[in-house]
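These are the residues of each chain, in order.
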Amino acid sequence: MNEVIEPNLGETLVFWICGGLAVVGALGMVISRKAVHSALWIALTMINLAILYVANSAPFLGMVQVVVYTGAVMMLFLFVLMVVGVDSSDSLIETIKGQRVAALLLGVGLTIMLVAGLGAGLSGAGTIGLDAANAADGGNVQGLARLMFSDYIIAFQATGALLITAAVGAMVLTHREYWQPRKSQRELSQDRFTDGGHPGNKPSPGVYARHNAVDTPALLPDGSTSAISIPAPLRARDDARAIDVNDITNVRRLTEGESE
Amino acid sequence: MESSRFIVLPAPLIHEAPEHYACIGREGFHKRAKSFSYEQGAIDPVNVYTPILILGILAFGFAAFSIIIATLTGPKRYNRAKVDAYECGIEPTPQPMGGGRFPVKYYLTAMMFIIFDIELVFLYPWAVAFDQLELFGFLAMALFLFNLAVPFVYEWRRGGLEWD
Amino acid sequence: MSGSQFGLFGNDPWWLVIGKSVAVFGLLVLLTLFTIWWERRVVSRMQNRIGPNRVGPFGLLQSLMDGFKLAFKEEILPKSAHVGVYWIAPVISATAAFVAFAVIPFGPTVSIFGVETPLQLTDFPVSVLYVLAIASIGVYGLVLAGWASGSTYPLLGGLRSTAQVISYEIAMGLSFVGVFLYAGSMSTSEIVIAQEPIWYAVILLPSFLIYVTSMVGETNRAPFDLPEAEGELVGGFHTEYSSLKFALFFLAEYINMVTVSALATTLFLGGYLAPWPLSLWESANTGWWPVLWWLIKVQLFIFLFIWLRATLPRMRYDQFMKFGWKILIPISIVWIFIIAIARLFRDSVSVTNTQLLVGGAIVIAVLLIGSWLFQLRADKRDAAAELELDERRARPFDANAGGYPVPPLPGERFEYTSRRAMAAGTVATTTVAVAAPETTNEEAPDA
């Protein structure tokens, strides 16, 4: 009949190493000053949790943990950090009144729940073992599928509803209405030429190996300078440099056929 | 028995070869699958994943070694312009406070990614166990996908999927 | 059905586990060096050049020497870089690229020094999902490299490539669903064996095409190499990386190419199984021969990558995202439904071929009529919009309609001065005033 075995050395090692790293990640997340560093620490925690799931014969859950949390949710966090400005530091002023008390209460509640769950699990009521549980439906994934589409069908559909809310909410909050229909490539090119824009490549900036090259205007064959050879951002920032009058006289002399 | 967490399978459970498998493949594969898998017992998670760990250590070691060795072998000639951010030769653009802001579009893309990612995660077990789930599984998934199609179509129609 | 193959894995003696890991590692490094050389040679031929042919026979050692050269290049640490993350990013990229390869099967069970072992590092019930999971960790390398450089172009490039990779990961993931449905498993070795009657590229052709398209987008290769669009973003996320740190990103890109090619082979082209005329030969699928078939198939995909790069111009970013979200993803979902329904009919409902054909005809007829009605409605709406636009064009724009400043509606026109033109004007005068008094041939500043 069933024979009780202790976790082997490998499992024990995995538990202590990954468990430790997960805790380190969680602490790092709280302690870090930079938001991006916090996001990285929490990614470390997620990956270690995934390894623990896999070590406990739940490979699908482990992979999903990485794909969804590390891959998608944390990536959303990173994107949000960049959207609002990567290095903006957290404001330490509490905007929601009594949030510390609420956080404390929720933390205590979570602890009670975890301890209760763990206690129920350790009392060993009705355990059949991980391998037997996985083998019951022909595999880990098949077992999950059977549960998802029978006992947990309501939760499954509710997830769908939750996702709709999230998607539509994100859409509504970030949407920018277009006033004009977007121009196609053809219309853009037509606009460019009918308004008398520059048809070809603009002249490249003057390269004198003296400054940062692109901020110096090109000299045209007759010795005059071309303002459009300087990139527009530099012109807007007033970063364009003047060029040496001697250069111009030299060019003019050369074009008029004089030898140096 | 009370404190048990790990229990070895009773023998018959392991030996039960699903008949579906036998119809796949020619004689050679069938024979091999039979002679190796079922007699060996359940998967030992640690052994199956050890090769990944070893490959990971090799790869990490290689990458770390490359980075360290490059600091030793490469020359070091300091130059103020060299350590500036590279912007094709012009003075680096002054960064606004907070490192600059990005189009909120990226946020929307990431949100859509999460939604489709979760959809994928539900689709996979459904696909693997499709034959066992039968019509009910199909209808449940159809309803789920229809639910997710609603925001997708809404977003599409309002121009949320346009990039410019 | 699952669990049948897994007894094969996890039983190797320790020396074989280490040996196989080192072999996979070595194979990936060699394949990378070879692929870089091969790409340069093929692209050269397509452009009427010869390509690297000096170092070693046929120039084969060129990429190795380039690697050595990079080791002796100066490492430049930009002063705005976030040091820790800047160093970790290439390590994440390279490690993830290597590790993803662990579940790719190159052959059936062989005997190595008297030990029967499958030619695959490891396999478990969710190994294809494992590849996706590792790929999503690899993305961190890109986004962190972009952020940690503390420079504008890498940040833009990193964000862009991340948005691109995650968009195409969805299409890629959806293309797997058909395979899982037919194979009834997510394990790579089982999927290969399940393809023995027929390759999935044949019966799941749309899935295969979607996968091939999205794998190019996923690896940031031409024509989808927008993160490295030189004209816009310099080098993309690795602009600020030099020396061997750059080499690691380069390595990761090529290993990812090999991995997605190998995954395509595994899921759609029967993995290591011999192709048709060869499969008639009795021992084509035994011993070490399958490794050769596997290698040929993977090389075909790599050649496809190179061919695409030499042939197609880069896409525009908006077109690219539109292609991913509006074409690949909806088609994948509809296709999943079609195969699921087909499967359902085959399994649980008994229908004759005539019934199936009649049903198909009815569905097609409904779709045709529906699209015709839809078009009719759209035409009517467009005509109405056009009429309204004409009306608006006719009347002058009032910027203070009803006492409030309002933006112009579509079709209305108003005069304004471009800020760029103003800025250009001032610069032109200052520059000209100092340097050349008689500037005459200035063209109109770009408006």
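Residues numbered from 1 in each chain as written. Chains lettered and ligands numbered in written order. Predicted model: local features only at pLDDT ≥ 70, side-chain atom pairs only at ≥ 80, totals over all residues.

Observations regarding the overall build of chain C
Part 1 of the argument: Check the secondary structure of chain C and you find 15 helices and two strands.
Part 2 of the argument: Taken across its 447 residues, chain C has 49% of its residues classed as buried.
Part 3 of the argument: The contacts in chain C between residues at least 6 apart in sequence include a share of 74% that link residues at least 24 apart. (Helix = DSSP H or I, 4+ residues; strand = E, 2+ residues; numbered from the N terminus. Buried ≥ 20, exposed ≤ 12 C-beta atoms within 10 Å, placed from the backbone. Contact = placed C-beta atoms within 7 Å.)

A closer look at the overall build of chain B
Part 1 of the argument: Helices and strands together make up the secondary structure of chain B, namely six helices and one strand.
Part 2 of the argument: In chain B, the succession of helices and strands from N to C terminus is β-α-α-α-α-α-α.
Part 3 of the argument: Looking at chain B as a whole, 37% of its 164 residues are labelled buried.

Describing the interface of chain B and chain C
Part 1 of the argument: With 71 residues of chain B at the interface, the matching set in chain C holds 81 residues.
Part 2 of the argument: Listed by contribution, the elements that provide at least two residues to the side of chain B that touches chain C are helix 2 (19-23), helix 3 (27-40), helix 4 (45-73), helix 5 (105-128) and helix 6 (130-157) of chain B.
Part 3 of the argument: The element contributing the most residues to the side of chain B that touches chain C is helix 4 of chain B, with 20 residues.
Part 4 of the argument: Residues belonging to the side of chain B that touches chain C are distributed by class as follows: 45 nonpolar, 14 polar and twelve charged. (Nonpolar A, V, L, I, M, F, W, Y, C, P; charged D, E, K, R; others polar.)

So, the domain arrangement of chain C
Part 1 of the argument: You can read the domains of chain C as domain 1 (10-347), domain 2 (352-416) and domain 3 (417-447).
Part 2 of the argument: When each unit is reduced to the centre of its C-alpha atoms, the spacing between domain 1 of chain C and domain 2 of chain C is 42 Å. (Domains from an automatic or database assignment.)

Comments concerning helix 7 (residues 153-174) of chain A
Part 1 of the argument: For helix 7 of chain A, with 22 residues, the first-to-last C-alpha span of 32 Å sits near the 32 Å given by 1.5 Å per residue.
Part 2 of the argument: Looking at helix 7 of chain A, one finds that the buried residues are Gly160, Leu163, Ala167 and Ala170 of chain A. Down the axis of helix 7 of chain A, the sector holding all buried residues measures 100°, keeping them to one side. Relative to its buried face, helix 7 of chain A has exposed residues pointing more than 90 degrees away, namely Ile154, Ala155, Ala158, Ala161, Thr165, Gly169, Val172 and Leu173 of chain A.
Part 3 of the argument: The inward-facing, buried residues of helix 7 of chain A abut helix 5 and helix 6 of chain B. (Expected span 1.5 Å × (residues − 1). Arc of directions from axis to C-beta.)

Remarks on the packing of helix 1 (residues 14-46) of chain C against helix 12 (residues 289-311) of chain C
Residue and element names in this part refer to chain C.
Part 1 of the argument: At a closest axis distance of 10 Å, the pairing of helix 1 and helix 12 adopts a crossing angle of 40°. When the interaxial angle is binned, helix 1 and helix 12 end up oblique. For the crossing formed where helix 1 meets helix 12, the hand is right-handed. Where helix 1 approaches helix 12, its residues Thr35, Glu39, Val42, Val43 and Met46 are matched on the opposing element by Ile302, Ile306, Arg309 and Ala310.
Part 2 of the argument: Partitioned by chemical class, the residues of the contact of helix 1 with helix 12 number six nonpolar, one polar and two charged. (Axes fitted to C-alpha atoms, helices over the stretch in contact; angles between N-to-C directions. Parallel < 35°, antiparallel > 145°, perpendicular 65-115°, else oblique. Left-handed = near helix turned anticlockwise from the far one by under 90°.)

As for unusual backbone geometry
Residue and element names in this part refer to chain C.
Part 1 of the argument: Here the phi dihedral of asparagine 48 falls at roughly 60°; this positive angle occurs in a residue that is not glycine.
Part 2 of the argument: On the basis of neighbour counts, which here come to 6 C-beta atoms within 10 Å, the residue asparagine 48 falls in the exposed class.
Part 3 of the argument: Of note in the backbone geometry, serine 243 takes a positive phi value of approximately 55° without being a glycine.
Part 4 of the argument: Tracing the chain through its elements places serine 243 in helix 10 (residues 243-268).

Thoughts on the environment of phenylalanine 224 of chain C
Residues and elements named next belong to chain C.
Part 1 of the argument: Here phenylalanine 224 is to be found in the loop between helix 8 (205-218) and helix 9 (230-233).
Part 2 of the argument: In sequence terms phenylalanine 224 and serine 283 are 59 residues apart; their C-alpha atoms lie 41 Å from each other.
Part 3 of the argument: Sequence-distant contacts of phenylalanine 224, defined by excluding residues within four places in its chain, comprise Val216, Gly217, Met315 and Phe320.

A word on the confidence of the model for chain B
Residue and element names in this part refer to chain B.
Part 1 of the argument: When pLDDT is averaged along chain B, the result is 69, and 62% of the positions lie at 70 or above.
Part 2 of the argument: Mean pLDDT in chain B bottoms out at helix 3, which sits at 35, and peaks at helix 5, which reaches 86.
Part 3 of the argument: With pLDDT under 50 throughout, residues 1-43 is counted as low confidence; its partners more than four residues away or in other chains account for 67 contacts. (pLDDT = per-residue confidence, 0-100.)

Description of the pairing of strand 2 (residues 115-119) of chain C
Part 1 of the argument: Where strand 1 (residues 107-112) of chain C lies against strand 2 of chain C, five bridges are found, and the strand directions are antiparallel. When the bridges of strand 2 of chain C are listed, glycine 107 of chain C appears paired with leucine 119 of chain C. (Pairing = 2+ DSSP bridges.)

Notes on the nonpolar core
Part 1 of the argument: The biggest cluster of nonpolar side chains holds 198 residues, and the ones touching the most others in it are Leu55 of chain B together with Leu129 of chain C.
Part 2 of the argument: For this core, the element with the highest residue contribution is helix 5 (residues 152-183) of chain C, accounting for 19 residues.
Part 3 of the argument: Once you skip the residues sitting within four places of it in the chain, leucine 55 of chain B turns out to touch Ser21, Val24, Phe25, Phe98, Val99, Ala102 and Leu121 of chain C.
Part 4 of the argument: Listed in part, the six residues of the second largest apolar core include Val214, Ala227, Ile230 and Ala240 of chain A. (Core = buried A, V, L, I, M, F, W, Y, C linked by C-beta atoms within 7 Å.)

Concerning the environment of valine 108 of chain A
Part 1 of the argument: Here valine 108 of chain A is to be found in helix 4 (residues 99-122).
Part 2 of the argument: As a C-alpha pair, valine 108 of chain A and leucine 49 of chain A span 59 residues in sequence and 22 Å in three-dimensional space.

Quick notes on the confidence of the model for chain C
Part 1 of the argument: For chain C, mean pLDDT is 80; residues scoring 70 or higher make up 84% of the total.
Part 2 of the argument: Here residues 426-447 of chain C is a poorly scored stretch, pLDDT under 50, and it has 49 contacts once near neighbours within four places are set aside; other chains count.

Focus on the packing of helix 4 (residues 127-148) of chain C against helix 5 of chain C
Geometry of a packed helix pair, given as the angle between the helix axes and the separation of the axes.
Residue and element names in this part refer to chain C.
Part 1 of the argument: Running from N to C, helix 4 and helix 5 point in directions that differ by 170°, and their axes come no closer than 7 Å. Relative to helix 5, the element helix 4 is oriented roughly antiparallel. Judged by residue contacts, Val128, Leu132, Ala135, Val139, Leu142, Val143, Ala145, Gly146 and Trp147 of helix 4 engage Pro154, Leu155, Gly157, Gly158, Leu159, Ser161, Thr162, Val165, Ile166, Glu169, Gly173 and Phe176 from helix 5.

A look at helix 12 of chain C
Residues that lie three or four places apart on an α-helix share one face, since the helix turns once every 3.6 residues.
Residues and elements named next belong to chain C.
Part 1 of the argument: Taking 1.5 Å per residue, 23 residues should reach 33 Å; helix 12 reaches 33 Å between its end C-alpha atoms and fits that length.
Part 2 of the argument: When helix 12 is considered as a whole, its buried residues turn out to be Pro290, Trp293, Trp294, Lys297, Val298, Phe301, Ile302, Phe305 and Ile306.
Part 3 of the argument: Packed against the buried residues of helix 12 are helix 1, strand 1, helix 8 and helix 10.

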